[in-house]
Amino acid sequence: MGPHPAVASIRLAVRRALADLAPDDLVLVACSGGADSMALASAVAFEAPKATWRAGAVTVDHGLQAGSTARALEVAARLRALGLDPVDALGVRVGSRGGPEAAARTARYQALDAAAEHHGAAAVLLGHTRDDQAETVLLGLARGSGARSLAGMPPVRGRYRRPFLDLDRTTTRQACLVQGLAVWEDPHNADAAYTRVRVRNDVLPVLEKALGKGVTEALARTARLFRDDADALDAWAAEAAARARVPLPAPEAAPHRPHGAPHTAGAPRATAAPQASGAPQAAGAPQAAGESSHTPAEAAQAPAETAGATPAPPNAFRADVLAELPAAVRRRVLRRAALDAGSPGGELFARHIEQVDRLVTAWRGQGPLHLPGGVSVVRTCGTLVFR
Ligand SMILES: Nc1ncnc2c1ncn2[C@@H]1O[C@H](COP(=O)(O)OP(=O)(O)OP(=O)(O)O)[C@@H](O)[C@H]1O
């Protein structure tokens, strides 16, 4: 007799998500101890020996609740009991930038990145499910975001992979239940102070009642469709930016880090006793793929959208070429230019880009604009310059 259908589903999802891994590659599961990531850890622990991958896990102690350290150690012990190795329990210090959720996320991803570097992991797996994706799309809609935000969380981004985006939460819970896996229910997941929790507990049930059970699936499908649209528009914008760009000499190299460039986190401490003050530091770190102008989960990926560690040369574009572009493409060119100049993705909102857009489409001699991250945009002699 084969495994329970829920267990078969989570294992299949892991096999599909990691099909390109080579023998001996290390995969790390990011595990909160909740049902989704415990199910993920169990599936990885089962599949890894067959595929000859090495499989470990990381659990992050945000230090925000009493007893969090003991819980992180308990989660780590459960992960080791599944056969995973290495298993790190990492303490982080959560800053305040962007609010508690964003700050915790920033600290968590810094710790995960540092652990991945330290162990040389080929992939880090996250337990987000289709339900999480549906919530993300609704949150993006409510914020009035564009297609990139409505595209939700990508299945793969850099080293991060989300094998369960096509599975629902019921499946992961059932997989834990039938395998006898103890899971930890985060009290934050029931705290109505969090917008995402209200979407999960109040908004989605009402939508399902009014529109039918398939709403969650439809929202996740919407994300997939928007992802294709957003990718196509981004490619168009990259090509248009190359056509509109005016070559400018690079400025004298200045020894400063552009605002928005990622800090380098030190190697994580695999703590026998995680500490609230442990590595890595989180405060003041930029938001990534926007999880602000983007979704919470995507903010964690913001460093990919920010400038690199060297001073950015000014970016300049011909306003007449930009003016010819469809608005959706032009706004993408302008956003990309602002990010490249050092504006942090998590702080750059649609209203900023609209202001920049008016330098192209409603030109009446406006003065320089100031964007987050100390980036300025000025139109001079028919050229838009980002510094
Ligand atoms: N403290 C943590 N340590 C390691 N990874 C984490 C932690 N919190 C979240 N993650 C990762 O991010 C994913 C999504 O986070 P989210 O806050 O939705 O998780 P959760 O609901 O607390 O737990 P789960 O998703 O496991 O049920 C998790 O599935 C897990 O992969």
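The numbering scheme is per chain: residues are counted from 1 as the chain's sequence reads. Only residues with pLDDT of 70 or above have their local features reported here, since the model is predicted, and side-chain atom pairs are shown and tallied only from 80 upward, although totals for entire chains, interfaces and linings are computed over all residues. By convention in this description, side-chain values take in all heavy atoms of the structure and omit both hydrogens and water.

1. Side note on the packing of helix α2 (residues 35-51) against helix α7 (residues 169-178)
- Running from amino to carboxyl end, α2 crosses α7 at an angle of 60°, the nearest separation of the two axes being 8 Å. The angle between the axes of α2 and α7 places the two elements in the oblique class. Note on packing geometry: the crossing formed by α2 with α7 is left-handed. Facing Ala35, Asp36, Met38 and Ala39 of α2, the residues of α7 in contact are Arg169, Thr172, Arg173, Ala175 and Cys176.
- Gly counts as polar in this scheme, as do all residues outside two lists: the nonpolar Ala, Val, Leu, Ile, Met, Phe, Trp, Tyr, Cys and Pro, and the charged Asp, Glu, Lys and Arg. Split into classes, the residues belonging to the contact of α2 with α7 amount to 5 nonpolar, 1 polar and 3 charged. Each axis is a line fitted through C-alpha atoms, taken for helices only over the stretch in contact, and angles between the N-to-C directions span 0 to 180 degrees. Strands here mean DSSP runs of E at least two residues long; helices mean DSSP runs of H or I at least four residues long; both are numbered from the N terminus. We call two directions roughly parallel when the angle between them is under 35 degrees, roughly antiparallel when it is over 145, roughly perpendicular when it lies between 65 and 115, and oblique otherwise. For any pair of crossing helices, the crossing counts as left-handed if the nearer helix is rotated counterclockwise from the farther one by less than a right angle, and right-handed if it is rotated clockwise. It only takes one pair of heavy atoms within 4.5 Å for two residues to be counted as in contact.

2. Examining unusual backbone geometry
- Along the chain, Asp85 connects to Pro86 via a cis peptide bond; the corresponding omega equals 10°.
- Locating Pro86 in the fold gives a position in the loop between α3 (68-81) and β3 (87-91).
- Backbone geometry places Thr52, a non-glycine residue, at a positive phi of 60°.
- Mapping Thr52 onto the fold places it in the loop between α2 and β2 (54-61).
- Despite not being glycine, Cys381 has its phi angle at roughly 50°, a positive value.
- Among the secondary structure elements, Cys381 is positioned in the loop between β9 (375-380) and β10 (383-386).
- The exposure class assigned to Cys381 is exposed, which follows from its relative accessible area of 79%. Three exposure classes are used, based on accessible area relative to the maximum for each residue type with a 1.4 Å probe and protein chains only: buried under 20%, partly exposed in between, and exposed over 50%.

3. Some details on the packing of helix α1 (residues 5-17) against α2
- The geometry of α1 relative to α2 is characterised by a closest axis approach of 9 Å and an angle of 60° between their N-to-C directions. It follows from the interaxial angle that α1 and α2 lie oblique. Considering the relative orientation of α1 and α2, their crossing is right-handed. In contact with Ile10, Arg11, Val14 and Arg15 of α1, α2 contributes Ala39, Leu40, Ser42, Ala43, Val44, Phe46, Glu47 and Lys50.
- When the residues that make up the contact of α1 with α2 are grouped by side-chain class, the tally is 7 nonpolar, 1 polar and 4 charged.

4. Description of the site of the ligand
- By convention in these notes, a residue is near a molecule or strand provided one of its non-hydrogen atoms lies within 4 Å of it. Neighbouring residues of the ligand: 16 residues in total, closest Ala30, Ser32, Ser37, Val60 and Gly127.
- In this structure, Ser32 approaches the ligand through a side-chain N or O atom, which is 2.7 Å from an oxygen atom.
- Counting of polar contacts relies on pairs of N or O atoms within 3.5 Å, with two restrictions inside protein: one atom must be capable of donating a hydrogen and the other of accepting it, and residues adjacent in sequence are counted only when both atoms are side-chain atoms. Note that a nitrogen atom of the ligand is positioned 2.9 Å from one of the backbone N or O atoms of Val60.
- For the area figures, the Shrake-Rupley method with a 1.4 Å probe applies, and any residue is considered shielded solely by the protein chains shown. In isolation the ligand exposes 570 Å². Once the protein is present, 89% of that is buried.
- Only α2 and β2 provide two or more residues apiece to the shell around the ligand.

5. Some words on the sheet that holds β2
- Across the sheet, 6 strands lie side by side as β3-β2-β1-β4-β6-β5; this open sheet has mixed pairing. Looking at strand neighbours, the two that pair on one side only are β3 and β5 (156-157), the edges of this open sheet.
- Of the strand pairs in this sheet, strand β1 (residues 26-30) and β2 are connected by 5 bridges, and their pairing is parallel. The residue of β2 that forms the bridge with Leu26 is Arg54. Any two strands with at least two DSSP bridges between them are considered paired.

6. Remarks on the packing of aromatic side chains
- Any two of the Phe, Tyr and Trp rings considered here, Trp counted by its six-membered ring, make a pair once their centres fall within 6.5 Å; the pair's planes then place it as stacked at under 30 degrees, edge-to-face at over 60, or tilted in between. Scanning the entire structure with this criterion turns up 2 aromatic pairs.
- Judged by centre distance (5.2 Å) and plane angle (70°), the rings of Tyr109 and Tyr160 are edge-to-face. Here Tyr109 is found in helix α4 (residues 100-119), whereas its partner Tyr160 is found in strand β6 (residues 160-161), with 51 residues between them in sequence.
- Relative accessible area serves as the criterion here: at 5%, Tyr109 is assigned to the buried category.
- Each ring, one from Phe317 and one from Phe386, has its centre 6.0 Å from the other, and the planes form 85°; the classification is edge-to-face. With Phe317 in strand β7 (residues 315-318) and Phe386 in strand β10, the pair connects residues that are 69 residues apart, well separated along the chain.
- Relative accessible area serves as the criterion here: at 2%, Phe317 is assigned to the buried category.
- Charge-over-ring contacts are defined here by two conditions on Lys NZ or Arg CZ: a distance within 6 Å of the ring centre and an angle within 35 degrees of the ring normal. Here Arg11 stacks its cationic end above the ring of Phe46, 3.4 Å away from the centre of that ring.

7. With respect to the side chain of Asn315
- With respect to the secondary-structure elements, Asn315 resides in strand β7.
- For Asn315, the side chain forms a polar contact with the side chain of Arg245, separated by 2.5 Å.
- Ignoring any residue separated from it by four or fewer positions in sequence, one finds Asn315 in contact with Arg245, Ala337, Asp340, Leu384, Val385 and Phe386.

8. Describing the pattern of salt bridges
- Salt bridges are counted wherever a side-chain nitrogen of Lys or Arg sits within 4 Å of a carboxyl oxygen of Asp or Glu. Applying the stated rule across the entire model yields 23 salt bridges.
- With a closest N to O distance of 3.7 Å, Asp168 and Arg130 form a salt bridge. One end of the pair, Asp168, is in the loop between β6 and α7; the other, Arg130, is in helix α5 (residues 130-143), with 38 residues separating them in the sequence.
- Since its relative accessible area comes to 23%, Asp168 is described here as partly exposed.
- The shortest N-O distance in the salt bridge between Asp132 and Arg200 comes to 3.7 Å. Taken as a pair, Asp132 in helix α5 and Arg200 in helix α8 (residues 195-211) lie far apart in primary sequence, 68 residues in all.
- You can call Asp132 buried: its relative accessible area is 7%.
- A cluster of three or more residues bridged by salt bridges with shared partners is formed by Asp132, Glu135, Arg169, Arg196 and Arg200.

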